Amino acid sequence: MTLSAVLGQICGLIALGFCIAGFANKNDDRLMVLLISANVAFALMFAFFASWTAAALTVLVILRIALARKFQGSWRIMAVILAINLLVAAVTWREATDIFPLTAAVLGTVGMFMLRGIPLRVVLGLAALAWMLNNIVIGSVGGTLAEAMVLVTNVITIVRLHRLKTKYRRMNDR
């Protein structure tokens, strides 16, 4: 295994830690901060694996998370980010499997700008699935495990949020 591949695997494992901490959290703001940290590690991982569309789109994910926190619900800013994602993907596109990071970036952008709570986590789970497929294609064990854990942790957190919502409704019905 090359040094670049080893460093990519290490970055994937670091991202895994940030992802688990973020998606296990019921606080949306903390989720966003931890996702920024994870995506720095993912961008480095993709660069080490020479997955340039994924690396470039991941850098945009960091910008998107910061903008989505400040401009939640802004259709205009979301549209600009989506257009930039498409432009970056067009410039860096090398093979058909580059559709996975593009799909993940689009889903994540819509989710971050337009959704909160359970719907946000469902859409981010779908984005994680697309990232996981990309990680399988490039051979990143750390990245694949990170996205698999994001999916599992996301499902657990969705169940926890649903239970809280149901409990709150029952209390208000009394």
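Report follows, based on the coordinates. (Residues numbered from 1 in each chain as written. Predicted model: local features only at pLDDT ≥ 70, side-chain atom pairs only at ≥ 80, totals over all residues. Heavy atoms only, no water.)

1. What to know about unusual backbone geometry
Then, number 1: Even without glycine at this site, alanine 50 takes up a positive phi of about 55°.
Then, number 2: Mapped onto the elements, alanine 50 comes out in the loop between helix H2 (28-48) and helix H3 (52-70). (Helix = DSSP H or I, 4+ residues; strand = E, 2+ residues; numbered from the N terminus.)

2. Some details on the side chain of asparagine 154
Then, number 1: Relative to the helices and strands, asparagine 154 is located in helix H7 (residues 141-173).
Then, number 2: A polar side-chain atom of asparagine 154 sits 3.0 Å from the main-chain carbonyl oxygen of arginine 121.
Then, number 3: Setting aside its immediate chain neighbours within four residues, asparagine 154 contacts Phe23, Arg121, Leu124, Gly125 and Met149. (Polar contact = N/O pair within 3.5 Å; in protein donor to acceptor, adjacent residues only side chain to side chain. Contact = heavy atoms within 4.5 Å.)

3. Considerations on a nonpolar patch on the surface
Then, number 1: A surface patch of nonpolar side chains, about 900 Å² in accessible area, is lined by Met1, Leu3, Val6, Leu7, Ile10, Ile14, Phe18, Val40, Leu44 and Phe48.
Then, number 2: For the nonpolar patch, the secondary structure elements donating two or more residues are helix H1 (3-23) and H2.
Then, number 3: The biggest single contributor to the nonpolar patch is H1, with six residues.
Then, number 4: Structurally, phenylalanine 18 is set in helix H1.
Then, number 5: Here phenylalanine 18 falls in the partly exposed class, since its relative accessible area comes to 31%. (Patch = residues over 30% accessible without salt bridge, like charges linked within 9 Å, V, L, I, M, F, W, Y side chains within 5 Å. Areas by Shrake-Rupley, 256 points an atom, 1.4 Å probe, with all protein chains shown as cover. Salt bridge = Lys/Arg side-chain N within 4 Å of Asp/Glu carboxyl O. Buried < 20%, exposed > 50% of the residue type's maximum accessible area, 1.4 Å probe, protein only.)

4. A short note on the nonpolar core
Then, number 1: Formed by 34 residues in total, the largest nonpolar core has its most connected members in Leu35, Phe42, Phe46, Met112 and Leu124.
Then, number 2: Of all the secondary structure elements, the ones that give two or more residues to this core are H1, H2, H3, helix H4 (75-92), helix H5 (99-114), helix H6 (117-138) and H7.
Then, number 3: Element by element, the count of residues in this core is highest for H2, at eight residues.
Then, number 4: In contact with phenylalanine 46, other than residues within four places in its own chain, are Ser51, Ala54, Ala55, Thr58, Trp131, Asn134, Asn135 and Ile138.
Then, number 5: Leu57, Val88, Ala89 and Ala105 belong to the second-largest nonpolar core, a separate cluster that totals six residues. (Core = buried A, V, L, I, M, F, W, Y, C linked by side-chain atoms within 4.5 Å.)

5. Description of the packing of H6 against H7
Each pair of packed helices can be described by the angle between their axes along with the distance between the axes.
Then, number 1: Orientation of H6 relative to H7, taken along the N-to-C sense of each, is 165°, at an axis distance of 8 Å. Our classification of the angle between H6 and H7 gives roughly antiparallel. Between H6 and H7 lies a crossing of left-handed hand. Each of Gly117, Ile118, Arg121, Val122, Leu124, Gly125, Ala128, Leu129, Trp131, Met132, Asn135 and Ile136 in H6 lies in contact with H7, whose residues at this interface are Gly143, Thr144, Glu147, Ala148, Val150, Leu151, Asn154, Thr157, Ile158, Leu161 and His162.
Then, number 2: Of the residues belonging to the contact of H6 with H7, the class tally is 13 nonpolar, eight polar and two charged. (Axes fitted to C-alpha atoms, helices over the stretch in contact; angles between N-to-C directions. Parallel < 35°, antiparallel > 145°, perpendicular 65-115°, else oblique. Left-handed = near helix turned anticlockwise from the far one by under 90°. Nonpolar A, V, L, I, M, F, W, Y, C, P; charged D, E, K, R; others polar.)

6. Here's the deal with H5
Then, number 1: A rise of 1.5 Å per residue sets the reference length of H5, with its 16 residues, at 22 Å; its end C-alpha atoms lie 22 Å apart and thus fit the reference within 8%.
Then, number 2: Along H5, the residues classified as buried are Pro101, Leu102, Ala104, Ala105, Gly108, Thr109, Gly111, Met112 and Phe113.
Then, number 3: Its buried side turned inward, H5 meets H2, H3, H4 and H6. (Expected span 1.5 Å × (residues − 1).)

7. Observations regarding the packing of H1 against H7
Then, number 1: The N-to-C vectors of H1 and H7 enclose an angle of 5°; their axes lie 7 Å apart at closest approach. Judged by the angle between their axes, H1 and H7 are roughly parallel. On H7, the residues that touch Gln9, Gly12, Leu13, Ala15, Leu16, Cys19, Ile20 and Phe23 of H1 are Val141, Gly142, Gly143, Leu145, Ala146, Met149, Val150, Thr153, Asn154 and Thr157.

8. What to know about H4
Then, number 1: Between its first and last C-alpha, H4 extends 26 Å over 18 residues, near the 26 Å set by a 1.5 Å rise per residue.
Then, number 2: All buried positions along H4 are accounted for by Met78, Ile81, Leu82, Asn85, Val88, Ala89 and Thr92. For H4, the angular spread of buried residues about the axis comes to 125°, placing them on one side. In H4, the exposed residues that point more than 90 degrees away from the buried face are Arg76, Leu87, Ala90 and Val91. (Arc of directions from axis to C-beta.)

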